Amino acid sequence: MIREGIIISVNSIYIHFPFCQRRCTYCDFFARAGMARFIPEYIESVIREMKLVSNASGEKPPVHTVYIGGGTPSLMAPYQVQNLLDTIRQEYDLKDDVEISMEANPGTVSREKVFAFRQAGINRISYGVQSFQPAELKLLGRIHTAEEVKTAVELSREAGF
């Protein structure tokens, strides 16, 4: 079933987060740069939609995987991620071994964010690291450096990812 910003199958939820700080030159996904002011309204819309889908099923649908992709989901504030995951926990039957993944750009994370994402329930983080070469990163329109990638991975490991 495809509804506004989310895809829900029998066992999985995909939440598309269509916001970026800057659009990468190679990206074919639906995303908008410089539109962060719409993030709160979008999150509220996705939450409403998840509740509608769950209520329409008449029971708490079982979920084995949750994937938050984009765009750049790591642009969300930790409380927004927490709100999304709280809604999923309330409306769906999350299995004990549920994988909850989120894409992140190394240039948009900090120690506080990574630890807060982990505390919210994200248990897998996926960094888009197309290259470690500065010239290639610039050509691709990436907003991070190779050093920021290393730092993001180290922070993520410290946080329990």
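Preceding this paragraph is the structure being described.
Residues numbered from 1 in each chain as written. Predicted model: local features only at pLDDT ≥ 70, side-chain atom pairs only at ≥ 80, totals over all residues. Heavy atoms only, no water.

Caption draft 1: Looking closely at the overall build of the protein. On a plain count of helices and strands, the protein comes out with five helices and eight strands. For the protein, the sequential pattern of α-helices and β-strands runs β-β-β-β-β-α-β-α-β-α-β-α-α. Residues classed as buried in the protein amount to 43% of the 161 residues present. Of the contacts formed within the protein by residues at least 6 apart in sequence, a portion of 74% connects residues at least 24 apart. (Helix = DSSP H or I, 4+ residues; strand = E, 2+ residues; numbered from the N terminus. Buried < 20%, exposed > 50% of the residue type's maximum accessible area, 1.4 Å probe, protein only. Contact = heavy atoms within 4.5 Å.)

Caption draft 2: How the structure looks around the pattern of salt bridges. Counted according to the given criterion, the structure contains three salt bridges. Between Asp-86 and Arg-89 there is a salt bridge, and its shortest N-O distance comes to 3.3 Å. Taken together, the positions of Asp-86 and Arg-89, both in helix H2 (residues 78–91) and three residues apart, correspond to about one turn of that helix. Residue Arg-89 is classed as partly exposed on the basis of its relative accessible area of 35%. Two residues, Arg-111 and Glu-158, come together in a salt bridge whose shortest N-O distance is 2.9 Å. (Salt bridge = Lys/Arg side-chain N within 4 Å of Asp/Glu carboxyl O.)

Caption draft 3: Molecular detail of the packing of H2 against helix H3 (residues 111–120). Packing of H2 against H3 leaves a shortest axis separation of 9 Å and a crossing angle of 10°. The orientation of H2 with respect to H3, classified from their angle, is roughly parallel. On the side of H2, the interface is formed by Pro-78, Val-81, Gln-82, Leu-85 and Arg-89, while H3 contributes Lys-113, Ala-116, Phe-117, Gln-119 and Ala-120. Taken together, the residues of the contact of H2 with H3 sort by class into six nonpolar, two polar and two charged. (Axes fitted to C-alpha atoms, helices over the stretch in contact; angles between N-to-C directions. Parallel < 35°, antiparallel > 145°, perpendicular 65-115°, else oblique. Nonpolar A, V, L, I, M, F, W, Y, C, P; charged D, E, K, R; others polar.)

Caption draft 4: Examining the environment of Gln-82 more closely. Along the chain, Gln-82 falls in helix H2. For the pair Gln-82 and Ile-122, spaced 40 residues apart in sequence, the C-alpha to C-alpha distance is 9.2 Å. Residues within four places of Gln-82 in sequence aside, it is in contact with Arg-89, Gln-119 and Ala-120.

Caption draft 5: Seen up close, the environment of Pro-18. When you line up the elements, Pro-18 lands in the loop between strand S3 (12–17) and strand S4 (19–20). The exposure class assigned to Pro-18 is buried, which follows from its relative accessible area of 7%. Residues Pro-18 and Ile-39, spaced 21 residues apart in sequence, show a C-alpha to C-alpha distance of 9.0 Å.

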